[in-house]
Amino acid sequence: MGAVQLSHEVIDTQLVDRHQEKIGRIDELLIELEDGKPPRVATIVIGGAARARRVGRWMLACHRAVHALFGQREEHASHVPFGAVRCIADTIEIDVDGDTLDSMHLEHWLATRVICPIPGASGERK
Amino acid sequence: MKKWGELALGVVTSIGGFLEVGSIATSAQGGAEFGYQLAWVLLLGTLSLAMLMEMTGRLAAVSKRTYADLLRERFGYRFFVLPLVAVFVVSLLVLASEIGGVAIALQMATGVAFRWWAIPIALLGWLLLWRGNFSIVEQGTAMLGLVAISFAVGALVLHPTWPTLGRALLPSLPSHDRARYWYIAISILGASISPYLYLFYSAGAIEDEWTIEHLSVNRVTAVFGNVFGGGLAIAALVTAALVFAPREIKVDRYEQIALLLATPLGRAGFVFFVMTLFITCFGATLEIVLAMAYLLAQGFGWNWSENLKPGKDARFSTSYTVLLLLAALPIVLGMDPLSLTNISMVVTAASLPVTVIPLFVLMNDGDLLDTHVNGWPSNLALVVIALISIVLLVAALPLQLLGGG
């Protein structure tokens with residue numbers, strides 16, 4: 001047991017799901033404030049808007065403009081309870097199935113609609 | 001025995017990886033206009049790249065993370081945007097130049113105009129990435145790239161004056177065309193120390209599953225591979241100095257560079273030049289586009305590996321597909337490959353601080369490297385490279401304007 005520095009060892013760290021598949025990085029951490037209770041780290045956010053907000057308003061505007069360009073109205077971001085964290089090391093393992101995360105929307109869309117119809121795309125290793 | 005095999009392979013890979021369109025073009029221009037005098041810049045570029053590759057390789061082998069991973073993790077997304085954008089823009093330009101180099105080689109071989117070759121080259125590159133694994137990309141093109149040794153043969157046939165060349169390995173000031181001299185010097189450094197080279201090398205260490213056991217392989221690969229590769233670039237400069245400089249030929253078209261080997265080696269020299277240009281530029285095309293896809297995937301935490309089937313890392317494989325087609329566009333539109341090469345080498349030189357300076361912090365992080373952190377000689381070398389990179393950033397644009405014409 002020991003202390004973990006949120007800014008140094010948690011934010012921006014590679015996330016893997018329960019199958020050890022890479023599912024993004026921690027783009028934002030939300031702290032929950034409830035009356036009468038101490039603040040606690042409650043939620044991991046994975047998503048482009050959260051990332052863009054950290055750079056500045058101009059980046060967020062760019063992010064929204066790109067989304068609008070591709071006709072996307074909603075942001076595909078994932079909010080995962082911090083309690084799902086199983087291990088904090090070189091990567092952070094969370095107890096979820098990556099396939100169910102909204103932030104993996106683009107990966108799945110590209111895989112099923114664009115990549116896999118091309119011969120030679122399916123399977124595990126080359 | 002396996003380790004010696006890896007070692008030999010690593011050295012060969014680095015030789016093949018060093019020489020590409022940028023180093024061929026800038027070395028030829030340097031030799032044509034200033035004789036042996038710019039050889040010291042090639043030596044400086046070679047040693048700098050060797051240091052940077054050794055460090056990023058060591059970082060990956062010990063920390064089990066790539067340089068791009070750590071740029072995001074240790075410096076945060078806010079900072080990461082800077083190297084991401086800089087390396088991306090620069091690498092896209094260099095990628096277009098490499099596709100241009102392959103296209104020019106095919107134009108020389110067939111007589112069909114270079115712009116018609118850009119899309120077929122992009123598609124061939126894509127097919128190799130789609131079907132092949134990391135070893136094929138890394139070793140296949142590198143082995144074939146050994147044809148570049150013809151530059152050394154060309155230089156030896158012309159009997160260079162060794163004492164003059166030896167003196168040119170020490171820095172000296174030009175007696176004429178000062179702006180042009182420094183412009184070509186910056187282009188040579190941009191061609192030698194491209195960020196894609198060490199980003200690709202660092203990702204390759206993870207693809208090849210390097211551990212602490214591989215640190216000696218890393219050191220020998222980085223140092224000897226680059227020294228041999230840099231030696232071939234010096235050979236190209238020497239040949240240009242002996243072929244072009246006496247005739248006062250200024251290199252402003254790739255077709256002229258073909259004379260480099262045709263003069264000492266005749267028709268075979270022409271064939272060797274075309275083969276070298278084709279293979280080294282094609283190899284660099286694959287490495288650059290992979291380095292860019294790695295940078296995106298590692299920075300954003302996507303699944304990535306050239307050893308996985310494309311369906312398993314859809315965003316990664318979509319990235320290299322789109323980037324190849326995007327980079328082919330300037331060549332399809334008829335942009336002059338040599339001008340594109342010159343511009344991209346200068347821009348590359350200007351982009352170096354954002355990837356060189358953070359390395360200093362990472363290479364001294366005991367949490368990442370334990371006992372393998374930099375010693376004072378490596379830190380001193382890195383400070384010198386960082387200072388050079390800052391000078392390049394400041395001087396690149398003025399010299400492009402004053403000496404680029």
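Bear in mind the structure is a predicted one, so any value in this text is a computation, not a measurement.

### Some thoughts on the overall build of chain B
So, point 1. Secondary structure assignment for chain B yields 18 helices and zero strands.
So, point 2. Against the globule reference of 22 Å for 405 residues, chain B gives a C-alpha radius of gyration of 20 Å, in line with a compact fold.
So, point 3. Taken along the three principal axes of its C-alpha coordinates, chain B extends 55 × 45 × 45 Å.
So, point 4. Here chain B, with 405 residues, has 58% of them falling under the buried criterion.
So, point 5. Partitioning the intrachain contacts of chain B with sequence separation of at least 6 by distance along the chain shows that 85% fall at a separation of at least 24.

### Looking at the nonpolar core
Most often, soluble globular proteins have nonpolar side chains that are buried together.
Residues and elements named next belong to chain B.
So, point 1. Membership of the largest hydrophobic core comes to 139 residues, with the highest contact counts inside it found for Ile99 and Leu199.
So, point 2. If one sorts the elements of this core by residue count, helix H13 (residues 259–300) sits on top with 23 residues.
So, point 3. What Leu199 contacts, discounting residues up to four positions off in sequence, is Tyr67, Ala68, Val87, Ala291, Tyr294 and Leu295.

### With respect to the interface of chain B and chain A
So, point 1. Contacts between the two partners involve 27 residues from chain B, matched on the other side by 26 residues from chain A.
So, point 2. Contributions of two or more residues to the side of chain B that touches chain A are made by helix H4 (67–110), helix H5 (118–131) and helix H14 (314–332) of chain B.
So, point 3. Of the residues forming the side of chain B that touches chain A, the biggest block, seven residues, is contributed by H4(B).
So, point 4. Classifying every residue of the side of chain B that touches chain A gives eight nonpolar, nine polar and 10 charged.

### A look at the sheet that holds strand E7 (residues 92–94) of chain A
Strand pairing within a sheet occurs via backbone hydrogen bonds; the two strands may be parallel or antiparallel.
All names here are of chain A.
So, point 1. Here four strands make up an open sheet; going across it, the order is E2-E1-E7-E6 and the pairing mixed. Two strands in the sheet have a free side with no partner beyond their single neighbour: strand E2 (22–25) and strand E6 (85–88). Each strand axis lies, on average, 25 degrees off the axis of its neighbour in the sheet, ignoring direction.
So, point 2. Pairing between E6 and E7: three bridges, direction antiparallel. Bridge pairing in E7 links Ile88 to Ile92.

### Some words on the packing of H4(B) against helix H10 (residues 195–207) of chain B
Helix-helix packing is described using two parameters, namely the angle between the two axes and the distance between the axes.
Residue and element names in this part refer to chain B.
So, point 1. Packing of H4 against H10 leaves a shortest axis separation of 10 Å and a crossing angle of 130 degrees. Judged on the interaxial angle alone, H10 and H4 are oblique. The way H4 lies across H10 gives a crossing that is left-handed. Between H4, through Tyr67, Ala68, Val87, Val90, Ser91 and Val94, and H10, the contact on the second element is made entirely by Pro195, Tyr196, Tyr198, Leu199 and Ser202.
So, point 2. Grouping the constituent residues of the contact of H4 with H10 by class yields nine nonpolar, two polar and no charged.

Cut-off values and rules
- Residues numbered from 1 in each chain as written.
- Chains lettered and ligands numbered in written order.
- Predicted model: local features only at pLDDT ≥ 70, side-chain atom pairs only at ≥ 80, totals over all residues.
- Helix = DSSP H or I, 4+ residues; strand = E, 2+ residues; numbered from the N terminus.
- Rg over C-alpha atoms; globule rule 2.2 N^0.38 Å.
- Buried ≥ 20, exposed ≤ 12 C-beta atoms within 10 Å, placed from the backbone.
- Contact = placed C-beta atoms within 7 Å.
- Core = buried A, V, L, I, M, F, W, Y, C linked by C-beta atoms within 7 Å.
- Nonpolar A, V, L, I, M, F, W, Y, C, P; charged D, E, K, R; others polar.
- Pairing = 2+ DSSP bridges.
- Axes fitted to C-alpha atoms, helices over the stretch in contact; angles between N-to-C directions.
- Parallel < 35°, antiparallel > 145°, perpendicular 65-115°, else oblique.
- Left-handed = near helix turned anticlockwise from the far one by under 90°.

The values reported here are purely geometric and, on their own, carry no functional implication.
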